[in-house]
Amino acid sequence: MSEDGTTAAELAAALAAAGDDASLRVGLLGDFLPLLVTAAREARRPTPQEIEPFRGLGARAAEEGAPLRDLVDLYLSAAWRVWPLLPPLQAAVSTGNAAAVQGVALGVLRASDDVVQAVALGYDEARRQAARREEALRRELVDDLLGGSGDATVLAERIEVLGLRLVTPHRVLAVRGDAPLVDGGRVARLAETALRLRPGAGDVLVTSKDGLLACVVPAVEDGSSARVLLERLRAGEPGTPWQIVATRARPGVTGVRDGWQEALETLDVAGRLGLEPGLVHADDLLAHRALLRDREALSDLVEHVLAPLRAARGGAGPLVETLLALSDAGGNQAEAARSLHLSNRALLYRLERIEALTAYSLDDPVQRYALQTAAVGARLLGWAG
């Protein structure tokens, strides 16, 4: 066998050994060996045109799922394994020319450095593109799940890539803070940790939607998920007025979609009612949500029943607040007076004014209900008289 043939076989064996070192296929080296031979012979850095293909090899390795550390190991193992076999080095050593050996070493090291840098750059670019595609897919799936109208059966299969199986009933938890919430942010991480580490946790989805945090969690008998989440957020971000809505449990994609809409409506109602930050169960505000679904009828009721209160000294506002306080107190006038910081006599005077101006009697159950419902409607609509 010729010397050239022996050298070629030895070089091929060195590359194969490098592939074994890194547990990657040798094809990912591309023309690394010819480049090293040229760099050793001419003692120069590779040109940009010679380096460019290695970015593509780095991208290909990323697409194949090769770890970056193994890819770098492949190239560095190839470099040190072929180094003593390079013909330019052997020629320089055989003549005892130290300067020539130094030139070969410099050329090989700089070429290896440039190539590894290009490979890593291509790898990172490919990973970033893949991450963007994955995030776009995730966002598309989340949007379809929370607000879409596509085929629920098909989406249920697709949504499993997010680790969510909706065969059993799930609740939707909507979280609102004092600033928009985003995927991957501190709040999202706190929420995911709290929900995944609680006892009995199953499939959980934590994502952002329109500045809110949407959490889809398996239903548990004691309904503890929302309480655990609120406690964790208050501990992690104590200065934020957290408002969490917990919906009823429903199965399937349609159940999650309905739950998200229910959560949004409940958050809106909670804001209109001026509820304190904390946990709200959607069913607790079901009647209020029902009132708001026909705003035209509700506005008619408010205007028809309460408009006469505008004639009162100080306007309708204090009298509407009196009706609301009486309703909140379950009809207990003494308690209503305390909540308004009024004497019992002052409260009775206001109630008499309400009856006189509206011609509705608080002693009549039907008329009392109309007054109280109109007062609640005024609060929901922001009606100030």
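Residues numbered from 1 in each chain as written. Predicted model: local features only at pLDDT ≥ 70, side-chain atom pairs only at ≥ 80, totals over all residues. Heavy atoms only, no water.

Draft legend 1. A look at the side chain of arginine 250. On the secondary structure map, arginine 250 appears in the loop between β4 (243-246) and α10 (252-273). In this structure the side chain of arginine 250 is engaged in a polar contact, spanning 2.7 Å, whose partner is the side chain of glutamate 262. Setting aside residues no more than four positions away along its own chain, arginine 250 makes contact with Thr168, Pro169, His170, Gly255, Asp258, Gly259 and Glu262. (Helix = DSSP H or I, 4+ residues; strand = E, 2+ residues; numbered from the N terminus. Polar contact = N/O pair within 3.5 Å; in protein donor to acceptor, adjacent residues only side chain to side chain. Contact = heavy atoms within 4.5 Å.)

Draft legend 2. Layout of the environment of proline 218. Turning to its location among the elements, proline 218 is positioned in strand β3 (residues 212-218). It is 6.2 Å that separates the C-alpha atoms of proline 218 and arginine 171, two residues lying 47 residues apart in sequence.

Draft legend 3. The packing of helix α8 (residues 186-197) against helix α9 (residues 224-236), seen in detail. Relative orientation of the contacting elements α8 and α9 amounts to 135°, with a least axis distance of 9 Å. When the axes of α8 and α9 are compared, the pair comes out oblique. In this structure, α8 crosses over α9, and the sense of that crossing is right-handed. Between α8, through Arg186, Val187, Leu190, Ala191, Ala194 and Leu195, and α9, the contact on the second element is made entirely by Ser225, Val228, Leu229, Arg232, Leu233 and Gly236. When grouped by side-chain class, the residues that make up the contact of α8 with α9 number eight nonpolar, two polar and two charged. (Axes fitted to C-alpha atoms, helices over the stretch in contact; angles between N-to-C directions. Parallel < 35°, antiparallel > 145°, perpendicular 65-115°, else oblique. Left-handed = near helix turned anticlockwise from the far one by under 90°. Nonpolar A, V, L, I, M, F, W, Y, C, P; charged D, E, K, R; others polar.)

Draft legend 4. Up close: the layout of surface pockets. Approximately 190 Å³ is the volume attributed to the largest pocket. Put simply, the parts of the chain that give the lining of the largest pocket at least two residues each are α13 (317-328) and α15 (344-358). The greatest single-element share of the lining of the largest pocket, amounting to four residues, is contributed by α15. Classifying every residue of the lining of the largest pocket gives five nonpolar, two polar and three charged. One number sums up the size of the second largest pocket: a volume of about 170 Å³. What lines the second largest pocket is Leu326, Gly331, Gln333, Leu348, Leu351, Glu352, Glu355, Leu362, Asp363, Arg368 and Gln372. Elements with a contribution of two residues or more to the lining of the second largest pocket: α15 and α16 (365-381). (1 Å grid on protein atoms, 1.4 Å probe; cavity = no way out; pocket = protein on both sides within 12 Å on 5 of 7 lines; lining within 4 Å. Points joined across faces, edges and corners; volume = space filled by probe spheres on them.)

Draft legend 5. Representation of the environment of alanine 79 in the model. Its location among the elements puts alanine 79 in helix α4 (residues 68-82). In the structure, alanine 79 is positioned 232 residues away from alanine 311 in sequence and 93 Å away in space, judged by C-alpha atoms. In this view, alanine 79 contacts Phe32, Leu36 and Ser112; residues no more than four positions away in its chain are not counted.

Draft legend 6. Highlighting the pairing of strand β1 (residues 170-176). Here β1 lies mainly inside the structure; five of its seven residues are buried. Relative to β3, β1 is paired through six bridges, and the arrangement is antiparallel. By the bridge assignment, valine 172 is partnered in β3 with valine 216. In the sheet, β1 pairs with β4 via four bridges, with the strands oriented antiparallel. Bridged to alanine 174 within β4 is valine 245. (Buried < 20%, exposed > 50% of the residue type's maximum accessible area, 1.4 Å probe, protein only. Pairing = 2+ DSSP bridges.)

Draft legend 7. The pattern of salt bridges, seen in detail. Tallied over the full model, the rule gives 23 salt bridges. Put simply, arginine 25 and glutamate 64 hold a salt bridge, and the shortest N to O gap is 2.8 Å. With arginine 25 in the loop between α1 (3-22) and α2 (32-42) and glutamate 64 in the loop between α3 (48-63) and α4, this pair connects stretches of sequence that are 39 residues apart. A relative accessible area of 40% places arginine 25 in the partly exposed class. Take glutamate 64: its relative accessible area is 44%, and that puts it in the partly exposed class. For arginine 310, the salt bridge goes to glutamate 303, with nearest N and O atoms at 2.9 Å. (Salt bridge = Lys/Arg side-chain N within 4 Å of Asp/Glu carboxyl O.)

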